[in-house]
Amino acid sequence: MLSLLAASCTSRDVGPYAPTAEDKNLEKIAASKPMCVIDNQARCDHLIENRLLFGRFFAPETLGGLDESEKFRGRRITTKFVVEALAATNQCVAPSEPTVTIVRGMIIDGRRFDAKGTSPLVEQQSSCFITPSAEDS
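If you're wondering where the values come from, they're calculated on a predicted model, not measured in any experiment.

Conventions used here
Residues numbered from 1 in each chain as written. Predicted model: local features only at pLDDT ≥ 70, side-chain atom pairs only at ≥ 80, totals over all residues. Heavy atoms only, no water. Core = buried A, V, L, I, M, F, W, Y, C linked by side-chain atoms within 4.5 Å. Buried < 20%, exposed > 50% of the residue type's maximum accessible area, 1.4 Å probe, protein only. Helix = DSSP H or I, 4+ residues; strand = E, 2+ residues; numbered from the N terminus. Contact = heavy atoms within 4.5 Å. Pairing = 2+ DSSP bridges. Axes fitted to C-alpha atoms, helices over the stretch in contact; angles between N-to-C directions. Arc of directions from axis to C-beta. Disulfide = S-S within 2.5 Å. Phe/Tyr/Trp six-rings, centres within 6.5 Å; stacked < 30°, edge-to-face > 60°. Lys NZ or Arg CZ within 6 Å of the ring centre and 35° of its normal.

Chemist: For this particular structure, what's the right way to read the nonpolar core?
Modeler: One recurring pattern in soluble globular proteins: nonpolar side chains tend to sit buried together. Core analysis: the largest hydrophobic core is formed by 25 residues, its most contacted members being L47, I102, V103, M106, I108, C128 and I130. Only α2 (21-31), α3 (41-49), α4 (51-57), α5 (68-87), β1 (99-108), β2 (111-118) and β3 (128-132) provide two or more residues apiece to this core. Ranked by residue count, the leading element in this core is α5, at five residues. The contact partners of V103, leaving out residues within four places of it in the chain, are F54, F58, F113, D114 and A115.

Chemist: Looking at this structure, how should I read the sheet that holds β2?
Modeler: As summarised here, the arrangement of the three strands in space is β1-β2-β3, forming an open sheet in which the pairing is antiparallel. A strand with exactly one partner marks an edge of an open sheet, and here the two such strands are β1 and β3. Direction aside, the axes of adjacent strands within the sheet are offset by 30 degrees on average. Sheet topology places β1 next to β2; seven bridges connect them, and they run antiparallel. If you follow M106 over to β2, its bridge partner there is F113.

Chemist: Quick question: what am I supposed to make of α2 here?
Modeler: Helical geometry: 3.6 residues make up each α-helical turn, so side chains three or four residues apart lie on a common side. All of the buried residues in α2 are D23, L26, E27, A30 and A31. Buried residues of α2 fall within an arc of 130 degrees about the axis and therefore sit on the same side. The exposed residues of α2 that point more than 90 degrees off its buried face are A21, E22 and K28. Of the surrounding secondary structure, the elements contacted by the buried residues of α2 are α5, β1, β2 and β3.

Chemist: Would you take a moment to explain the state of the cysteines for this structure?
Modeler: In the structure shown here, the tally under the stated rule is two disulfides. The residue that forms a disulfide with C36 is C92, at a sulfur-sulfur distance of 1.9 Å. The chirality of the disulfide connecting C36 with C92 is left-handed, given an S-S dihedral of about -95 degrees. In this pair, C36 is assigned in the loop between α2 and α3 and C92 in the loop between α5 and β1, connecting sequence segments 56 residues apart. Judged by relative accessible area, C36 falls into the buried class, the value being 3%.

Chemist: Mind showing me how you'd approach the packing of aromatic side chains here?
Modeler: A ring pair, where both rings are aromatic, is described by two values, the distance of the centres and the angle of the planes. Under the counting rule described, the total for this entry stands at one aromatic pair. For the pair F54 and F57, a centre-to-centre distance of 6.3 Å together with 40 degrees between the ring planes defines the contact as tilted. Placement of the pair is F54 and F57 together in helix α4, with a separation of three residues, close to one helical turn. For the pair F54 and F57, one class covers both residues: buried. A cation sits over an aromatic face here: R43 above F81, 4.4 Å from the ring centre.

The quantities given are spatial measurements derived from coordinates; they are silent on function.
Here you go:
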């Protein structure tokens, strides 16, 4: 019986990177804010500055030059970073400028989202937000 329970869990459900109840609550809040610009400009600037690294975390299995455990950890940390930034956003303001995708396919509250920024991606000028992923359409 115990082996059946252990087999039903994945590394996403247990271990040091498993989501806590607070993480799950923040994900629900963040997922309810698509198209809301992140209030914290430093968080947005960090996403813009590190977009190439984040792309490696979310690249398909054979791409990106990282092993799956590095990608898993990077995806979890990046998603948590975006979730915390969105959850802390007080007023939903949607961007009106053209956009560029920063990170594709983040799973937030069981759904796929893309992190985007207003074009051109320039620190201290662009706004960041999430949209439902085109992959789910």
